[in-house]
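Commentary on secondary and tertiary structure
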Amino acid sequence: MLAPWSLPYCFTILLGLLKLCRAQYEQLGYPQGYPQGYPEPEQEQYTAPELPPDTPRIQLRLAGDKRKHNEGRVEVFYDGEWGTVCDDDFSIHSAQVVCRELGYLEAVSWSPSSKYGKGEGRIWFDNVQCTGKEKTLALCMSNGIGVSDCKHTEDVGVVCSDKRIPGFKFINTMANNVEDVRIRAILSSYRKRTPVTEGYVEVKDGGKWKQICDAEWTKHNSRVICGMFGFPGERKYNARVYKMFARRRKPSYWDYSVNCTGNEAHLSSCKLGHAVAAKANSTCEGGTPVVVSCVPGRFPFLEWEHKPQSRQPLVRLRGGAIVGEGRVEVLKNGEWGTICDDNWSLLSATVVCRELGFGSAKEALSGGRLGQGMGPVHMNEVKCSGFEKSVTECFFNKESLGCSHEEDAAVTCNVPAMGFQERLRLSGGRNPYEGRVEALVERNGSLVWGTVCSDGWGTMEAMVVCRQLGLGFASNAFQETWYWPGEVSADPVVMSGVRCSGTEMSLSHCLHHGAHLTCPKGGGRNAAGVSCSETAPDLVLNPQVVEQTTYMEDRPMFMLQCAYEENCLSTTSSKTPANSYRRLLRFSSQIHNNGQSDFRPKAGRHSWVWHDCHRHYHSMEVFTHYDLLSLNGTKVAEGHKASFCLEDTDCEEGIEKRYECANFGEQGITVGCWDTYRHDIDCQWIDITDIKPGDYIFQVFINPNYEVPESDYSNNLMKCRCRYDGHRIWMYSCHNGGSLSTETEESFPGLLNNQVTHR
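Residues numbered from 1 in each chain as written. Predicted model: local features only at pLDDT ≥ 70, side-chain atom pairs only at ≥ 80, totals over all residues. Heavy atoms only, no water.

Basically, it comes down to this: UniProt positions are given in the numbering used here, feature names are shortened, and annotations may be inferred rather than shown by experiment.
Under an unreviewed UniProt entry, the protein has the name Lysyl oxidase homolog and belongs to Salmo trutta. Quoted straight from UniProt, the Catalytic activity (unreviewed entry) entry for the protein says "L-lysyl-[protein] + O2 + H2O = (S)-2-amino-6-oxohexanoyl-[protein] + H2O2 + NH4(+)". UniProt annotates the protein under Sequence similarities (unreviewed entry) with the comment "Belongs to the lysyl oxidase family."

Below, the structure is given as structure tokens:
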């Protein structure tokens, strides 16, 4: 037994050892014992609130005149109708409840007297009094739902924080009493397929699955069912087979019929018909269970149904973390542009989703929620009936102008359940968004969990993992995971040589070694790891600035010594006398962050590289890359710009600068801000001393090595046509990658986008 005086002494020794270990990690550049780039713990994953069973089921949204996505008139959906909230007795506590119910962290302010314009329909709530802790506005004290003496001149509005609740998931509560719905495959040929596209429609009632009688079933109902399971429409099926099956097994029928218009996002939004009366011990006299067969849609992973698309689509999604989510962009006159969110609705969003081969829309997002686009705003005040084949067929106001990209519309679509999420997991992390990557694979006839080899593991592979798990974008890719104790039984490597383009739905779709594994370091502590984030930055170069600032300069070699040390001149400069000249193609770069989170360099400041000649730190060794190509696509000259100073040169109105390089400050680009590299700074050029006069293609890559994850890499490339006559130089037709139609883009030689491997 230890003497009593020895306990404090032992504690002191242990404390000293702890400090010593921590000091060792700090010398390695790991201030808290974690590797560089290791993110701070995030909040716990969002869980939907449990409400008392008698709580009125409402849905909220923000609407009104010119506004950002996190502000607007408070509108409530109840009993099949959208209405408003009166400003009587409304307070910041009530605004807090509204904002949190919509997925924002908190309320900033609220506005009385219809600041965002007068609403329409019923005024559902009046004299609302909340404590701020209620889980829904319907639980706050009020006159009672639908009881009001107000006019729409008293409609209340709120401003919410622009930060979202981590892991917040939109839940459709515009519903009747439907607990759950599924399509159950009956025929053996469909039971073997994923996803299920044909079978009985079953409703969960009292914890039991029941079929629906087809006596009053319509095509509109089938359309809704297919849409909610991620399919664009319904199709015919062999009814005789199902009648034979129904005779052999007695169905258990639900008590209600259903009446849908065909535009509902979910069966729970349809009106319930009368209760089906029981006759002769049957609830479906002369009928059979409802069967739906759905059109699978245009998915590259549905190989058994996939048909190639003959023409370029007129609509696309950009900036979303998962398939079926993104900012809506339409093609007009050979140029891609966005849709303004004025009057943007679930109906119009559903037309977009079905046009793209998905199901109905889960959310119609406004206010640039999924990042801001570039180029023109092609459509405004869009109104669809819901049955159009394309959103371009919907009515829109051709005269209405003045929308900014802060009002870009976006969608989240219902997509088929492919089961990819069950074949991957993150293990050992501090929260559900991080951990060692563990994959479920088949070995010797059975499914086993194991790790992924980290050799060559990078951003693109991490992006696929986060997408497959539905966790958003990658924020970091790790090649060592000793600090994450995963499942010991899953230590063996089951996948190696993984190389992804970044667009795959599943890690198994990426190139990899297959059964012939090669992993020198093995799994366990050296397994691949990721951390994920719901948001990501999106850097876009302003092509007009490049076009307007291009010029040529002959500069003496003795004034280029610092640039020479940083490899910013062509290789022939090493043989050039100090009194000779180099001819430089100079231009300014204005790089915007149009994404949803700040762009930060991958390396922490402890590992930034000091360049003594220019007296600055490089936080990313290559931030932009410049190429000059001949018209047949051959590279004839190149340059690069290290990010010696990532900072907010300027910002949009109302956004404060956060990053400034002065006094060795933090580096980065805030959302809504841009970093300008002026034409007159070193390395902001291409050395064209050895180039002959002629026509060329000029290209700029931002973040070319994909060191920092972004929501969209296709717009990191900018291209221009360039003419050089030996005395002067012109830059024209400058545009970002993916901003023009395929036909126009193909007239430019060189790379079509930034999806190339620089690693």
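Back to the write-up after that little detour.
**Side note on the pattern of salt bridges**
Which entries qualify depends on this criterion: Salt bridge criterion: a side-chain nitrogen from Lys or Arg within 4 Å of a carboxyl oxygen from Asp or Glu. Secondary structure elements follow DSSP: runs of H or I of four or more residues count as helices, runs of E of two or more count as strands, with numbering from the N terminus. Exposure classes here rest on a 1.4 Å probe applied to the protein chains alone. A residue is buried below 20% of its type maximum, exposed above 50%, and partly exposed in between.
This structure, assessed with the given rule, holds 23 salt bridges. Linking E438 and R436 is a salt bridge whose minimum nitrogen-to-oxygen distance equals 2.7 Å. Here R583 and D554 are joined by a salt bridge, their closest N and O atoms 2.8 Å apart. Note that R583 is positioned in strand β28 (residues 581–586) and D554 in strand β27 (residues 551–556), a separation of 29 residues in sequence. Its relative accessible area of 39% is what places D554 among the partly exposed residues.

**So, the packing of aromatic side chains**
Under the convention used in this document: Pairing of aromatic rings covers Phe, Tyr and Trp, the last counted by its six-membered ring, and requires centre-to-centre distances within 6.5 Å; plane angles under 30 degrees mean stacked, over 60 mean edge-to-face, and any other angle means tilted. Criterion for a charge above a ring: Arg CZ or Lys NZ at most 6 Å from the ring centre, at most 35 degrees from the ring normal.
One pass over the full model with this rule turns up 16 aromatic pairs. Ring centres of W482 and Y483 lie 4.9 Å apart, and the angle between their planes is 75°; this geometry places the pair in the edge-to-face category. With relative accessibility at 28%, the residue W482 sits in the partly exposed group. The class for Y483 is buried, based on a relative accessible area of 11%. Ring pairing ties together the aromatic residues Y200, Y237, Y242 and F245, which thus form one cluster. Against the face of W209 rests R182, its NZ or CZ located 4.2 Å from the ring centre.

**Considering unusual backbone geometry**
Positive phi outside glycine occurs at S114, with the angle close to 45°. With respect to the helices and strands, the residue S114 is situated in the loop between β4 (107–111) and β5 (123–125). A positive phi angle, close to 65°, is found at N343, a residue other than glycine. Looking at where N343 falls in the secondary structure, it is placed in the loop between β16 (335–339) and α6 (346–355). Since its relative accessible area comes to 44%, N343 is described here as partly exposed.

**Some details on helix α5 (residues 239–248)**
Residues spaced three or four apart along an α-helix face the same direction, because each turn holds 3.6 residues. Applied cut-off: This arc describes the spread of directions from the helix axis toward the C-beta atoms. In this analysis, two residues are considered to be in contact whenever any of their non-hydrogen atoms come within 4.5 Å of each other. In protein, a polar contact requires one atom able to donate a hydrogen and another able to accept it; more generally it is a pair of N or O atoms within 3.5 Å, and residues adjacent in sequence count only if both atoms are side-chain atoms.
Of the positions making up α5, those classed as buried are Y242, F245 and A246. For α5, the angular spread of the buried residues around the axis is 100°, confining them to a single face. Across α5 from its buried face, at more than 90 degrees, point the exposed residues R240, R247 and R248. For α5, the elements touching its buried residues are β8 (198–205) and β13 (291–295). Two to three positions downstream of the cap, the backbone nitrogen of R240 sits 3.2 Å from a side-chain oxygen, assigning the N-cap of α5 to N238.

**Looking at the side chain of T136**
Mapped onto the fold, T136 is located in the loop between β5 and β6 (157–160). Among the polar contacts listed, one links the side chain of T136 to the side chain of E101, at a separation of 2.9 Å. What T136 contacts, discounting residues up to four positions off in sequence, is L51, T55, I58, V97 and E101.

**Here we look at the pairing of strand β15 (residues 325–332)**
The test is simple: At least two DSSP bridges between two strands are required for those strands to pair.
Burial analysis of β15 places 7 of its 8 residues in the buried class, the great majority of the element. Pairing between strand β14 (residues 315–319) and β15: 5 bridges, direction antiparallel. Within the sheet, the bridge partner assigned to L317 lies in β15 and is V328. The turn linking β14 back onto β15 is made up of 5 residues, and G324 within it adopts a positive phi angle of 85°. In terms of strand pairing, β15 meets strand β19 (residues 410–413) through 3 bridges, oriented antiparallel. Counted as the bridge partner of R327 is A410 from β19. In this structure, β15 lies alongside β16, joined through 4 bridges in antiparallel fashion.

**Observations regarding the sheet that holds strand β34 (residues 650–651)**
With antiparallel pairing, 4 strands are arranged side by side in an open sheet as β26-β29-β35-β34. Looking at strand neighbours, the two that pair on one side only are β26 (539–541) and β34, the edges of this open sheet. Both strand β29 (residues 589–593) and strand β35 (residues 673–677) contribute to a ladder of 4 bridges, which runs antiparallel. For I591, the partnering residue across the bridge sits in β35 and is D675.

**Focus: a positive patch on the surface**
Operational definition: Exposure above 30% relative accessible area and the absence of a salt bridge qualify a residue for a patch, where like charges join within 9 Å and nonpolar side chains (Val, Leu, Ile, Met, Phe, Trp, Tyr) within 5 Å. Only the protein chains shown count as cover for residues, with accessible areas throughout obtained via the Shrake-Rupley method and a probe of 1.4 Å. Within this scheme the basic residues Lys and Arg register as positive and the acidic residues Asp and Glu register as negative, but His and the chain ends are omitted. Positions of charges follow a simple convention, taking NZ of Lys, CZ of Arg, CG of Asp or CD of Glu.
On the surface, R191, K192, R248 and R249 cluster together into a positively charged patch. Among the secondary structure elements, R191 is positioned in helix α3 (residues 188–191).

**Considering the environment of T549**
If you trace the backbone, T549 turns up in helix α8 (residues 543–549). Residues T549 and R586, spaced 37 residues apart in sequence, show a C-alpha to C-alpha distance of 7.9 Å. Not counting chain neighbours up to four residues away, the residues in contact with T549 comprise R586, F587 and S588. A polar side-chain atom of T549 sits 2.9 Å from the main-chain amide nitrogen of S588.

**A look at the sheet that holds β27**
The strands making up a sheet are joined through hydrogen bonds of the backbone, oriented either antiparallel or parallel. Formally: Note on method: axes are straight lines fitted to C-alpha atoms, helices fitted across the in-contact stretch only, with angles between N-to-C directions ranging 0 to 180 degrees.
In spatial order, the strands read β27-β28-β36; together these 3 strands make up an open sheet with antiparallel pairing. Of all strands in the sheet, those bounded by a partner on one side alone are β27 and β36 (685–687). Between one strand axis and the next, the sheet turns by 35° as a mean value, whatever way the strands run. Sheet analysis places β27 next to β28, joined by 6 bridges and oriented antiparallel. Note on β28: the bridge partner recorded for R555 is R582.

**Concerning the pairing of strand β32 (residues 624–629)**
Counting buried positions over the 6 residues of β32 gives 6, a clear majority of the element. Bridge analysis of β32 against strand β37 (residues 694–702) gives 6 bridges, and the strand direction is antiparallel. Its bridge partner being in β37, H625 is matched across the sheet by F701.

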